[in-house]
Amino acid sequence: RTFKLKIHCRIDIHRLNAPFLAIYESLVPAEEEKAQQKQLLALLERLVCKEWPKARLYLYGSCASSFGVSRSDIDVCLAIDGGDINKSEILLRLADILQSDNLQNVQALTRARVPIVKLMDPVTGISCDICINNVLAVINTKLLRDYAQIDARLRQLAFIVKHWAKSRGVNETYQGTLSSYAYVIMCIHFLQQRRPAILPCLQEMEPTYSVTVDDIECAFFDQVGKLCDFGSRNKETIAQLVWAFFNYWAYRHDYANSVISVRTGSIISKQEKDWTRRIGNDRHLICIEDPFEVSHDLGRVVDKYSIKVLREEFERAAGIMQYDPNPCVKLFEPY
Ligand code: ATP
Ligand code: MG
């Protein structure tokens, strides 16, 4: 019976490869869209340099990390020197400049956790958030992009997981569920843990890239061109990985004791990080260590209500992958 069941599952799971790849392909932004994003960035660069000649703009977030699906917003960081700059003042001035150049829906959110200016380009319809001197975000974006170049299955898995999370309403940090960034980190961790591993741990290798930002040393191996065979001994397909990813988060992850850590390429204990109890608003109900800000739990937005929602969604997805005749539709049904 076990033998028959195994054969049955394997045939079933392979049947899902083509449809999952088709979903992935449909989410990848077209070249034209990438070109429009570049144009918008160039326009913003011109406007910013007129006012602050020494400032630079960096793209970060999903459109720079290669994890952006079609029609994503773009995230831009304005890097501006000077120890005593007043971020609110700069954001308000920036908002003025953008508004005078006919950009739409310009809004300065100076009191947000990460203060930004929001805008929309009326020509392309692309929305954009601009923050100031958020250098760590630019660096963690590079880490994600470097991981994506090692094995194509990371981008495929992350697109499917992000699409699932958006469809199911569990990609809403202000409602206590996880950010896109957290989901990508979960995917990287998961592929580091496969046997044979599909991804290495770049931060445990001899560093070829190193910068220090806000006293945090960010160092990792970034010559990823040399690693393009890394995952080739593992033959798992995208359908198997989607199945295993949801199975891991539904039934295998030890929520009570474990922290996932891309930085070390392993699981570490909550005890070791002193993440065993609620401190302030950090409840540590699902623990995802940031690769650089190691005191930062990307799961800290999750509360005692949303952890239930999240885990039920993982279980639903795992159940669908196991039993549903048409998982590629059912998985993404709106909630
Ligand atoms: P989407 O396609 O949904 O916009 P995204 O990767 O741009 O995906 P966000 O989660 O909004 O999504 O994150 C944007 C960027 O901001 C990330 O790539 C990361 O660099 C940075 N970031 C977001 N959340 C955190 C966090 N909690 N800690 C550190 N950096 C973060
Ligand atoms: Mg974004």
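As shown above, the structure is provided for reference.
Just so it is clear, the structure is predicted and the values come from calculations on it, not from any experiment.

Criteria and thresholds
Residues numbered from 1 in each chain as written. Chains lettered and ligands numbered in written order. Predicted model: local features only at pLDDT ≥ 70, side-chain atom pairs only at ≥ 80, totals over all residues. Heavy atoms only, no water. Helix = DSSP H or I, 4+ residues; strand = E, 2+ residues; numbered from the N terminus. Expected span 1.5 Å × (residues − 1). Buried < 20%, exposed > 50% of the residue type's maximum accessible area, 1.4 Å probe, protein only. Near = heavy atom within 4 Å. Polar contact = N/O pair within 3.5 Å; in protein donor to acceptor, adjacent residues only side chain to side chain. Areas by Shrake-Rupley, 256 points an atom, 1.4 Å probe, with all protein chains shown as cover. Nonpolar A, V, L, I, M, F, W, Y, C, P; charged D, E, K, R; others polar. Domains from an automatic or database assignment.

**Focus: helix 7 (residues 152–167)**
And then number 1: With 16 residues, helix 7 extends 23 Å from end C-alpha to end C-alpha; this agrees with the ideal 22 Å at 1.5 Å per step.
And then number 2: By the criterion of burial, helix 7 is predominantly enclosed, with 12 of the 16 residues buried.
And then number 3: For helix 7, the set of buried residues is Arg153, Leu154, Gln156, Leu157, Ala158, Phe159, Ile160, Val161, Lys162, Trp164, Ala165 and Ser167.
And then number 4: Phi for Gly169, located one or two positions after helix 7, is positive at around 70 degrees.

**Considerations on the site of ligand 1**
And then number 1: In the region of ligand 1, 16 residues are neighbours, and Ser62, Asn140, Lys162, Lys166 and Ser180 sit closest.
And then number 2: The separation between an oxygen atom of ligand 1 and a polar side-chain atom of Asp75 is 3.0 Å.
And then number 3: Ser180 is positioned such that a nitrogen or oxygen atom in its side chain is 2.5 Å from an oxygen atom of ligand 1.
And then number 4: Protein chains shield 78% of the accessible area of ligand 1, which is 600 Å² for the free molecule.
And then number 5: Within the residue set of the shell around ligand 1, elements represented by two or more residues are helix 6 (135–150), helix 7 and helix 8 (180–193).
And then number 6: The element that contributes the greatest number of residues to the shell around ligand 1 is helix 6, accounting for 3 residues.
And then number 7: Taken together, the residues of the shell around ligand 1 break down into 4 nonpolar, 8 polar and 4 charged.
And then number 8: Two domains each donate at least three residues to the shell around ligand 1, and these are domain 1 (31–136) and domain 2 (142–330).

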